[in-house]
Amino acid sequence: MSRFVRACAGLSVLGAVHAAVNTRLLRRPPTVPPPVTRRVTVVLPVRDEADQVADCVAAVLDQRGVPQLSVVVVDDGSTDGTAERVPADERVTQLRATPPAPGWLGKPNACAQGVAAAGDADVLVFLDADVRLMPDAVAAAVALLDEAWLDLVSPWPRQLAGSPAERLVQPLQQWLWSTLLPLRAAERSAHPSLAAANGQFLVVRRAAYERAGGHAAVRGEVIEDVALLRAVKAAGGRGVVVDGSTLAACRMYRGWPEVRAGYAKSLWSAVGGRPAAAGAAAAVLTAVWLVPPLAALTGSRAGAVGYAAGVAGRAVVAARTGSRWWPDAFAHPASIALLDVLVARSLVEHRRGTLRWRGRPVATATPPTTSRRMAG
């Protein structure tokens, strides 16, 4: 058992080192971005976002350095008066999405219809209603596209967390890709495993989007943001997650019920959509970042080293991506344990066919053949 603990602690140390390296390699936006001379359209799919849409659109309209900016707000069957809350502006187009056809999920369907209404935009920006952009966000994201010769960038917003559940779970998103994804290799590789993206704020060249097949190529994907990046890569493009902590902020969920429901809808897909893959992923995470802290409680020095490495890796990533690290990083083992619970819940509900989000089933669509092949 002591040999196993030492091995797990060693992997925890390697993970912390890799996270530290990745935070240095993470592409950062320019402080003062150059003006954007191309046509940019922000596509905002909304469903029952009456409390969010006005502030979100206002922040988009407040963008600097993007003179040819337009916004397409796609109302995806809202029943709470979302459409009435959209600010009136000549740059804003509203449309009501037609219901998803068989094989389509709601968000890819709404995004595809938004792009169809985007006219001759050269750059597409996909945004969630709970995101608040800083005034230079779009210009800075486009500058990153150009500076690094990328086709897609995913500026990861600063994640806001209020409740204990949010503080335990939300930082794991950026911690996971910082710890496990080699960023520079991910930029160049088309391999589907080397992809991380966040649909909260996604910026893509229109030409690359169309070569990849657009949202039709990912129409049945629950995690459509990562799937879209994979499609862009498969079509010969380059893309990667970048630092968006100074460009945007997002409070994704509020409290444990929303955290539980939100992750239940997607974790089954994030870990491969198969019980075996989910079990393997949970087992690795538990072994590397939960076994050493438990061993440390019995006096294991190796366990203490493993725990310290986990805390250090979590703290480094949190500090770099704008999250709270003190004292939250010290609860990293509890975060891993809670993630295990969420993965198990997601798989059980997916197997039962009971997963729903905003009144719609989310796990019943049949992914297109190309998407299955990319994910396979």
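Structure's up top.
Source: prediction; values computed, not measured. (Residues numbered from 1 in each chain as written. Predicted model: local features only at pLDDT ≥ 70, side-chain atom pairs only at ≥ 80, totals over all residues. Heavy atoms only, no water.)

Chemist: How should the overall build of the protein be read in this particular structure?
Modeler: Counting secondary structure elements, the protein contains 15 helices and 10 strands. A compact globule built from 376 residues should have a C-alpha radius of gyration of about 21 Å, and the protein, at 20 Å, falls within 12% of that. For the protein, the spread of C-alpha atoms along the principal axes amounts to about 65 × 50 × 40 Å. Looking at the 376 residues of the protein, the share that counts as buried comes to 53%. Considering only contacts within the protein whose residues lie at least 6 apart along the sequence, 79% involve residues at least 24 apart. When the accessible surface of the protein is totalled, it reaches about 15,900 Å², and 59% of it is carbon and sulfur. Here the protein contributes 42 positive and 30 negative side-chain charges, whose respective centroids are spaced 10 Å apart. (Helix = DSSP H or I, 4+ residues; strand = E, 2+ residues; numbered from the N terminus. Rg over C-alpha atoms; globule rule 2.2 N^0.38 Å. Buried < 20%, exposed > 50% of the residue type's maximum accessible area, 1.4 Å probe, protein only. Contact = heavy atoms within 4.5 Å. Areas by Shrake-Rupley, 256 points an atom, 1.4 Å probe, with all protein chains shown as cover. Lys, Arg positive; Asp, Glu negative; His and termini not counted. Charge placed at Lys NZ, Arg CZ, Asp CG, Glu CD.)

Chemist: Looking at this structure, I do not really get the sheet that holds strand 2 (residues 69-75). What am I missing?
Modeler: Remark on secondary structure: sheet strands pair via backbone hydrogen bonds, oriented parallel or antiparallel. The mixed open sheet is built from 8 strands, whose spatial order is 3-2-1-4-7-6-8-5. The sheet terminates laterally at strand 3 (92-96) and strand 5 (131-133), the two strands that pair on one side only. Here the strands of the sheet are splayed against their neighbours by 30° on average, with no regard to which way each runs. In this structure, strand 5 lies alongside strand 8 (residues 239-250), joined through 3 bridges in antiparallel fashion. Across the sheet, L133 pairs through a bridge with A248, a residue of strand 8. On the sheet, helix 4 (residues 137-147) packs against strand 1 (40-46), strand 4 (123-127), strand 5, strand 6 (152-159), strand 7 (201-205) and strand 8 and is oriented at approximately 45° with respect to strand 7. Sitting on the sheet, helix 6 (residues 172-180) touches strand 6 and strand 8, and the angle it makes with strand 6 is about 135°. (Pairing = 2+ DSSP bridges. Axes fitted to C-alpha atoms, helices over the stretch in contact; angles between N-to-C directions.)

Chemist: Looking at this structure, how should I read the packing of aromatic side chains?
Modeler: Here the distance between the centres and the angle between the planes together describe a pair of aromatic rings. Inspection of every chain in the model, using the stated rule, returns 6 aromatic pairs. Measuring from ring centre to ring centre gives 5.6 Å for Y253 and Y263, while their planes differ by 65°; the resulting arrangement is edge-to-face. Taken together, the residues Y253 in the loop between strand 8 and helix 10 (256-270) and Y263 in helix 10 connect sequence positions 10 residues apart. Taken together, a centroid distance of 5.5 Å and an interplanar angle of 90° make the contact between W326 and F330 edge-to-face. Following the ring pairs from residue to residue traces out a cluster consisting of W325, W326 and F330. (Phe/Tyr/Trp six-rings, centres within 6.5 Å; stacked < 30°, edge-to-face > 60°.)

Chemist: What am I meant to see in the side chain of Q63 here?
Modeler: The residue Q63 is located in the loop between helix 2 (53-61) and strand 2 in this model. What makes Q63 buried here is its relative accessible area of 9%. A polar atom in the side chain of Q63 sits 3.1 Å from the backbone oxygen of A59. Within the structure, the side chain of Q63 is placed 2.9 Å from the backbone nitrogen of V138, a separation counted as a polar contact. Setting aside residues up to four positions removed in sequence, Q63 forms contacts with L69, L133, M134, P135, D136, A137 and V138. (Polar contact = N/O pair within 3.5 Å; in protein donor to acceptor, adjacent residues only side chain to side chain.)

Chemist: Looking at this structure, I do not really get the pairing of strand 2. What am I missing?
Modeler: Note on strand geometry: in a regular strand, side chains alternate between the two faces of the sheet. Most of strand 2 sits out of view: 6 of its 7 residues are buried. In this sheet, strand 2 lies alongside strand 1 in parallel orientation, the contact comprising 7 bridges. Bridged to V40 within strand 2 is L69. A crossover links strand 1 with its parallel partner strand 2, the connecting element being helix 2, and its sense is right-handed. As paired elements, strand 2 and strand 3 share 5 bridges and run parallel to each other. What sits directly across from V74, in strand 3, is L95. (Right-handed = clockwise from strand over helix to strand, strands pointing away.)

Chemist: I'm lost on the packing of helix 1 (residues 2-25) against helix 6 in this one. Help?
Modeler: For any two helices packed against each other, the geometry comes down to the angle between their axes and how far apart the axes lie. Look at helix 1 against helix 6: their axes get within 7 Å of each other, and the N-to-C directions meet at 95°. Of the possible angle classes, the one that applies to helix 1 and helix 6 is roughly perpendicular. Within the contact between the two elements, helix 1 uses G15, H18, A19 and N22 and helix 6 uses W177, S178, T179 and L180. In the contact of helix 1 with helix 6, the residues fall into 3 nonpolar, 5 polar and no charged. (Parallel < 35°, antiparallel > 145°, perpendicular 65-115°, else oblique. Nonpolar A, V, L, I, M, F, W, Y, C, P; charged D, E, K, R; others polar.)

Read these as layout, nothing more, since geometry by itself doesn't imply function.
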